[in-house]
Amino acid sequence: MNKRLGNVRWAAMRLLMNTVGRLSEGIRIGYRHGFDSGSMLDYVYVNKASGSWGVGRLIDRNYLNAIGWRAIRARRELLKDVLRKEIAERGDGVFVLDVASGPGRYLQDLVEEYEPGHLRVECRDLDRAGLTQGEDRARSNGLQGISYVHGDALDPRPTDRAPDVIVVSGLYELLLDDEAIAASIARLRSLLAPGGVLVFTTQTHHPQLEFIARVLPNRDGVLWEMKCRPVEKAEQWARDAGFDAVTSRREQVGLFTVTTAGRARVADRSSQG
């Protein structure tokens, strides 16, 4: 009986979100592109409530204030802080590759902080709509040094030169297979320049996991499941892949960590001669 009541409750919540909830612009974007999409994250980053009539804006403000979205905005600020540090430790011409960037708004904000030629950023994603959105915004703002390329984060193509920094933000919590993440970390290490660093995020917990998995569709149109993991496990995957100097910081809301994993400056023996 309790299970049946629970199913009725979640069905009612899905109906409410898919009807009244659509007065909120953020919820409309979620149903159009997926609540896990880059377009959704871009809207969350802007954090400006919008919707139909006054009630739509009120719903949207409540939606944007959800703990998960607040943590994602805090994660963005921590990511930018980490990347500024990595850029500062290198000279001009730093190359940053984000393999699952979406529109890459936070990367555009970062590019604007530097003189032309100091920083080059390549944004990749499978979501063409998000890439187009980011490319259009970069063009309208006259941004130089940032490009958008369609690509699979789990099967990344080599770049024309090895990146100094590779970023994986907001991807690994969407993957339910631990082995896929460990393999991704190892693969990305092979793409880095000697002395380069991998920067990736881990979701360690989330109080609304059941609501998300029962109510919100992802970009594939199925209910959005996420998996939380201890940061120690993620750090161990990086060490197992051959990274050293593995450290993590937690954003201020407390749901995510940002890990930096450095590749030694000495080239691998397998790549020599």
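Residues numbered from 1 in each chain as written. Predicted model: local features only at pLDDT ≥ 70, side-chain atom pairs only at ≥ 80, totals over all residues. Heavy atoms only, no water.

Details of the nonpolar core
Consideration 1: L83, L119, V121, I146 and V199 are the most contacted members of the largest nonpolar core, which totals 24 residues.
Consideration 2: Among the secondary structure elements, those contributing two or more residues to this core are α5 (67-88), β1 (94-98), α6 (105-111), β2 (119-125), α7 (128-140), β3 (146-150), β4 (165-168) and β5 (197-203).
Consideration 3: Broken down by element, this core gets its largest block of residues, 5 residues, from α5.
Consideration 4: When sequence neighbours within four positions are dropped, the list of residues in contact with V199 reads L79, V82, L83, V165, I166, V167, V168, V258, T259 and T260. (Core = buried A, V, L, I, M, F, W, Y, C linked by side-chain atoms within 4.5 Å. Buried < 20%, exposed > 50% of the residue type's maximum accessible area, 1.4 Å probe, protein only. Helix = DSSP H or I, 4+ residues; strand = E, 2+ residues; numbered from the N terminus. Contact = heavy atoms within 4.5 Å.)

Description of the layout of surface pockets
Take a probe with the size of a water molecule and roll it over the atoms, and the empty space left behind shows itself.
Consideration 1: Taken as a whole, the largest pocket spans an internal volume of roughly 590 Å³.
Consideration 2: Considering the residues around the largest pocket, the lining is formed by 34 residues, among which D36, G170, L171, L174 and R219 are closest to the centre.
Consideration 3: If you tally residues by element for the lining of the largest pocket, the top one is helix α3 (residues 38-46), at 4 residues.
Consideration 4: A breakdown of the residues in the lining of the largest pocket according to their chemical character gives 15 nonpolar, 9 polar and 10 charged.
Consideration 5: For the second largest pocket, the calculated volume is near 490 Å³. (1 Å grid on protein atoms, 1.4 Å probe; cavity = no way out; pocket = protein on both sides within 12 Å on 5 of 7 lines; lining within 4 Å. Points joined across faces, edges and corners; volume = space filled by probe spheres on them. Nonpolar A, V, L, I, M, F, W, Y, C, P; charged D, E, K, R; others polar.)

Quick notes on the confidence of the model for the protein
Consideration 1: Overall, the predicted model of the protein reaches an average pLDDT of 93, with 96% of residues at or above 70.
Consideration 2: Long-range and interchain partners of residues 268-273, a stretch whose pLDDT sits below 50, account for 3 contacts in this model, where long-range means more than four residues apart. (pLDDT = per-residue confidence, 0-100.)

Some remarks on the sheet that holds strand β6 (residues 244-250)
Consideration 1: Pairing is mixed across the open sheet formed by 7 strands, whose spatial order is β3-β2-β1-β4-β5-β7-β6. Strands at the two margins of the open sheet, each flanked by one partner only, are β3 and β6. Taken over all neighbouring pairs, the strand axes of this sheet differ in orientation by 20 degrees on average, direction set aside.
Consideration 2: Across 5 bridges, the pairing between β1 and β2 is parallel. In the strand pairing of β2, F95 is matched with R120. (Pairing = 2+ DSSP bridges. Axes fitted to C-alpha atoms, helices over the stretch in contact; angles between N-to-C directions.)

Considerations on the packing of aromatic side chains
Consideration 1: The tally for this structure, following the rule as stated, stands at 6 aromatic pairs.
Consideration 2: Ring centres of Y31 and F35 lie 5.2 Å apart, and the angle between their planes is 85 degrees; this geometry places the pair in the edge-to-face category.
Consideration 3: Residue classification places Y31 among the buried residues on the basis of a relative accessible area of 19%.
Consideration 4: Aromatic rings pair up to connect Y31, F35, Y63, W69 and W224 into one cluster.
Consideration 5: Against the face of W10 rests R9, its NZ or CZ located 4.4 Å from the ring centre.
Consideration 6: Residue placement shows R120 over the ring face of F95; its charged tip is 4.0 Å from the ring centre. (Phe/Tyr/Trp six-rings, centres within 6.5 Å; stacked < 30°, edge-to-face > 60°. Lys NZ or Arg CZ within 6 Å of the ring centre and 35° of its normal.)

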